[in-house]
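Coordinate inspection notes
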Amino acid sequence: MAAERMGLGDQGAVDGRGKRRPSRGMYVLPSLFTAGNIAAGYYAITQSIQGTPTEPQYFDHAALAIGLAALLDGVDGYIARLTNTASDFGRELDSLADVITFGVAPSLLAYVWGFRMLPLTVYPTLRDNVVHAGIFVCFLFLICGASRLARFNISINPQPRNPGKPGSKFFVGMPIPAGAGVIAAVIHCFDGSPIYNPWTALVWLLLILFTGFLMVSNWRFWSAKEITSGGRQPFQVVALIALAGALIVWKSEWMLMAIALGYLVSGVFARLAYSWGRRRRRSHGPSLPLA
């Protein structure tokens, strides 16, 4: 009350540690980016259902919208940490937004682009089987993404199967925005042109299934928190981000594909390297002291 009488309002409030709390209006800022995340997911859904083999640009628009949403998803968390405005409401809203934008939207896009558009006259029996399998696998992708979010929300200090160096920054399981990014990057790489051959659709089916598995796995994936937490060399970080942005603008199809699949493969390599090192340590056994 004294702070209000002095005209300080919420800006004059301090927490138990004596630090000034942000004003109530600042808490809206991260939620605005989350709302943009939801809008991008909704736009991707509307574009997915409009796409056809003769109008593939709608599929490409949906893929780009998912990519934009992934950027917004990273920005809202960074702003919340930067302004100290993280809240339970913001976390819940962010999780719901991720289910829509990185679960429902990419699973629908993956189904329509990779299976629903298969021609009826090319391998008709195989085509029907692939379409039915595609419905199931795309649903599995959605369930895996939602389960990944639920586990992340309730986990306290989760430990991956391949922990690596102590104190390293990692996610346990592939984050759902990265999983959605794999689907969006592949579709954007082909300019939205849908799959024509059922045999190619089988490869697409396996990629979706494997991506879903990585999201619910206990494998380690780099979190990039070293960059957003403010390192000792901010100029080099800004330069690298600017270079990456320029390359994406120049060759977005290939760069986004390389980033998405490179991130996916990084978790696989980390798991294989850890398994190989553990087997090697077991085969050598404990070292014997010298006489």
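Scroll up for the structure.
Quick caveat: nothing in here was measured; it's all calculated off a predicted structure. (Residues numbered from 1 in each chain as written. Predicted model: local features only at pLDDT ≥ 70, side-chain atom pairs only at ≥ 80, totals over all residues. Heavy atoms only, no water.)

1. With respect to the overall build of the chain
- Secondary structure assignment for the chain yields 10 helices and two strands.
- Walking the chain from its N terminus toward its C terminus, one meets helices and strands in the order α-α-α-α-α-β-α-α-β-α-α-α.
- For the chain, the proportion of its 291 residues judged to be buried stands at 37%.
- Residue pairs at least 24 apart in sequence account for 79% of intrachain contacts in the chain once pairs closer than 6 positions are excluded.
- Approximately 17,200 Å² of the chain is accessible, and the part contributed by carbon and sulfur atoms is 67%. (Helix = DSSP H or I, 4+ residues; strand = E, 2+ residues; numbered from the N terminus. Buried < 20%, exposed > 50% of the residue type's maximum accessible area, 1.4 Å probe, protein only. Contact = heavy atoms within 4.5 Å. Areas by Shrake-Rupley, 256 points an atom, 1.4 Å probe, with all protein chains shown as cover.)

2. A look at the packing of aromatic side chains
- Scanning the model with the defined rule gives six aromatic pairs in all.
- Here Phe213 and Trp219 contribute two aromatic rings whose centre-to-centre distance is 5.5 Å and whose plane-to-plane angle is 90 degrees, an arrangement assigned as edge-to-face.
- An angle of 40 degrees between the planes, with centres 5.5 Å apart, marks the rings of Phe221 and Tyr263 as tilted. Of this pair, Phe221 sits in strand β2 (residues 220-222) while Tyr263 sits in helix α10 (residues 252-284), and the two are 42 residues apart along the sequence. (Phe/Tyr/Trp six-rings, centres within 6.5 Å; stacked < 30°, edge-to-face > 60°.)

3. Some thoughts on the environment of Leu118
- Relative to the helices and strands, Leu118 is located in the loop between α4 (88-116) and α5 (124-154).
- Spatially, the C-alpha atoms of Leu118 and Val131 are 8.2 Å apart, while their sequence positions differ by 13 residues.
- When sequence neighbours within four positions are dropped, the list of residues in contact with Leu118 reads Arg127, Val130, Val131, Ile195, Tyr196, Asn197, Pro198 and Ala201.

4. Re the packing of α5 against helix α7 (residues 198-216)
- One way to put it is that α5 packs onto α7 with a least axis distance of 8 Å and a crossing angle of 15 degrees. Classified by the interaxial angle, the pair formed by α5 and α7 is roughly parallel. Read as a crossing pair, α5 and α7 show a hand that is left-handed.
- Residues of the contact of α5 with α7, tallied by class, amount to 17 nonpolar, five polar and three charged. (Axes fitted to C-alpha atoms, helices over the stretch in contact; angles between N-to-C directions. Parallel < 35°, antiparallel > 145°, perpendicular 65-115°, else oblique. Left-handed = near helix turned anticlockwise from the far one by under 90°. Nonpolar A, V, L, I, M, F, W, Y, C, P; charged D, E, K, R; others polar.)

5. Quick word on the pattern of salt bridges
- Within the structure shown, the criterion is met by one salt bridge.
- A salt bridge links Arg127 to Asp128; the shortest N-O distance between them is 3.8 Å.
- A residue is classified by how much of its surface remains accessible, and Asp128, at 37% relative accessible area, is partly exposed. (Salt bridge = Lys/Arg side-chain N within 4 Å of Asp/Glu carboxyl O.)

6. Thoughts on the environment of Ala185
- Tracing the backbone through its elements, the reader meets Ala185 in helix α6 (residues 176-189).
- Using a relative accessible area of 4% as the deciding quantity, one classes Ala185 as buried.
- Ala185 sits 75 residues away from Ala260 along the chain, and the two C-alpha atoms are 6.6 Å apart.
- In contact with Ala185, other than residues within four places in its own chain, are Leu256, Met257 and Ala260.

7. Notes on helix α3 (residues 57-82)
- Taking 1.5 Å of rise per residue, 26 residues should cover 38 Å, and α3 covers 37 Å from first to last C-alpha, within 8% of that figure.
- What α3 keeps buried is the set Phe59, Asp60, Ala62, Ala63, Ala65, Ile66, Ala69, Leu72, Asp73, Asp76, Ile79 and Ala80.
- Structurally, α3 contributes buried residues whose contacts are with α2 (28-48), α4 and α6. (Expected span 1.5 Å × (residues − 1).)

8. Thoughts on unusual backbone geometry
- Despite not being glycine, Tyr123 shows a phi value in the positive range, around 45 degrees.
- Tracing the sequence through the fold places Tyr123 in the loop between α4 and α5.

9. Examining the side chain of Ser107
- Tracing the chain through its elements places Ser107 in helix α4.
- Look at Ser107 and you get buried, because its relative accessible area is 9%.
- Within the local environment of Ser107, its side chain forms a polar contact with the backbone oxygen of Val104, the two atoms lying 2.9 Å apart.
- Ignoring any residue separated from it by four or fewer positions in sequence, one finds Ser107 in contact with Cys138, Phe141 and Leu142. (Polar contact = N/O pair within 3.5 Å; in protein donor to acceptor, adjacent residues only side chain to side chain.)

10. Considerations on the packing of α4 against α7
- At their nearest, the axes of α4 and α7 sit 9 Å apart, and the two run at 155 degrees to each other. As far as their axial angle goes, α7 and α4 are roughly antiparallel. Of the residues in α7, those in contact with Ala110, Trp113, Gly114 and Phe115 of α4 are Ala201, Trp204, Leu205 and Ile208.
- Its residues assigned to classes, the contact of α4 with α7 shows seven nonpolar, one polar and no charged.

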